[in-house]
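Below, each chain spelled out in residue letters.
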Amino acid sequence: MSRYPTMTPARAGKLIEQGYGQGKGLDYKPWFAANQIPSRGRLVRSMGVTTGRVMHLVSELEGSIQLMADFDPTITDQNEQFLLDPPLTVAIARRLGIRHPRQKYTGNLLPMTTDLLLTQESNGLKREIAVSVKYEAELNGPKARRVHQKLQIEAMFHAIKGRPFFIATDAHVSPRQMANLRWLRESHREGASVLTNKQRDAFCAAFLAQRMTAKTIGERIDRASRVAGLPAQQGLDAFRLGVWARAIKADITQWLRLSAPFIPSTDANLGVRMPWAA
């Protein structure tokens, strides 16, 4: 049996009435939960740092791009599996002379979605950014023509809505950077150390005050923890929070391991190249 639920017009209408694929912040409901749609690899459910809710992502690549969005301080909200208004996508497909997605066997219209709709606030300006997540193999493989056709519909939809549209691929993702970001995100996990801003700032100041010698990250954390009067685990979480907040500018293109040397960065995003960067 297919894991993809039969999409009848009645079912689509009911889901829209119930608010799926709509909303903002904690009230947002993805069009489909991760276990209801076909995945490209491993289904990913993770607690969003920005959203404060469980994010439903349908590939490991989507999980990586969402993690990058969490790390971007200009991103203030994220909507995954964002519903595109069906009457408008149908009209766009007709205008472009492209077949609109339909469910196999039944021929029922398939509502289209965008993988991530991001809200960005920077320099006093607020905008929405649409991001489609695709593997390079999808864009260049045997079904590439159909993939690009659907991207055309999606891009025109967001152009009509006045949103910039970006395609994020595995070319934007570095396994080392993703491992570092996942390690840093541990400081936001449930049960992580609860630190006051004063404690975190004291730790960061002590960490940065150390001379740039051959000391490892772990040794620098231990020393800064003692100076700030923090237990070892709290010191580790203070370091991760400090890097996440850019209070400690660590080069994320290099391994962030306790046994590795601390290498500073002068880049605003610590070496992470955001797919939606201007």
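So, how was this worked out
- Residues numbered from 1 in each chain as written.
- Predicted model: local features only at pLDDT ≥ 70, side-chain atom pairs only at ≥ 80, totals over all residues.
- Heavy atoms only, no water.
- Patch = residues over 30% accessible without salt bridge, like charges linked within 9 Å, V, L, I, M, F, W, Y side chains within 5 Å.
- Areas by Shrake-Rupley, 256 points an atom, 1.4 Å probe, with all protein chains shown as cover.
- Salt bridge = Lys/Arg side-chain N within 4 Å of Asp/Glu carboxyl O.
- Lys, Arg positive; Asp, Glu negative; His and termini not counted.
- Charge placed at Lys NZ, Arg CZ, Asp CG, Glu CD.
- Buried < 20%, exposed > 50% of the residue type's maximum accessible area, 1.4 Å probe, protein only.
- Core = buried A, V, L, I, M, F, W, Y, C linked by side-chain atoms within 4.5 Å.
- Helix = DSSP H or I, 4+ residues; strand = E, 2+ residues; numbered from the N terminus.
- Contact = heavy atoms within 4.5 Å.
- Expected span 1.5 Å × (residues − 1).
- Pairing = 2+ DSSP bridges.
- Axes fitted to C-alpha atoms, helices over the stretch in contact; angles between N-to-C directions.
- Parallel < 35°, antiparallel > 145°, perpendicular 65-115°, else oblique.
- Nonpolar A, V, L, I, M, F, W, Y, C, P; charged D, E, K, R; others polar.

A. Highlighting a positive patch on the surface. Residues R99, K104, K143 and K150 make up a contiguous surface patch of positive charge. K143 gets classed as exposed once you look at its relative accessible area, which sits at 67%.

B. Spotlight on the nonpolar core. Membership of the largest hydrophobic core comes to 41 residues, with the highest contact counts inside it found for I65, F71, V131, F203, I252 and W276. Secondary-structure elements contributing two or more residues to this core are α2 (60-71), β4 (113-122), β5 (125-133), β6 (165-168), α6 (175-185), α7 (197-209), α8 (217-228) and α9 (232-244). If near-sequence neighbours (up to four positions away) are discounted, I65 is found in contact with L116, V131, V133, A168, T169, V173, P275 and W276. Counting residues in hydrophobic clusters, the runner-up holds twelve residues, among them Y28, L84, A130 and I153.

C. Structural detail: α2. With twelve residues, α2 ought to run about 16 Å at 1.5 Å a step, and its terminal C-alpha atoms sit 17 Å apart, in line with that. Residues of α2 that are buried: L61, E62, G63, S64, I65, Q66, L67, M68, A69, D70 and F71.

D. Representation of the pairing of strand β1 (residues 44-47) within the structure. Of the two faces of β1, only the one carrying V44 and S46 is buried; R45 and M47 on the other face are not. Once β1 ends, the chain turns through six residues before running back antiparallel as strand β2 (residues 54-57), passing G52 with a positive phi of about 70°.

E. Focus on the sheet that holds β6. Overall, mixed pairing links the four strands, which are arranged β3-β4-β5-β6 in an open sheet. Two strands bound the open sheet, and with one partner strand each, they are β3 (75-83) and β6. Across this sheet, the average inter-strand angle for adjacent strands is 30°, counted without regard to direction. As defined by bridge partners, β3 adjoins β4 across seven bridges and the pair is classed as antiparallel. Note that in β4 the partner of D77 across the bridge is T119.

F. How the structure looks around the packing of α7 against α9. Relative orientation of the contacting elements α7 and α9 amounts to 85°, with a least axis distance of 9 Å. Between α7 and α9, the interaxial angle falls into the category roughly perpendicular. On α9, the residues that touch R200, F203, C204 and F207 of α7 are G235, A238, F239, L241 and G242. Classifying every residue of the contact of α7 with α9 by side-chain character gives six nonpolar, two polar and one charged.

G. Molecular detail of the pairing of β4. Of all ten residues making up β4, seven are buried, and the element is well covered by its neighbours. One ladder, built from seven bridges, connects β4 with β5; its direction is antiparallel. Bridged to L117 within β5 is A130.

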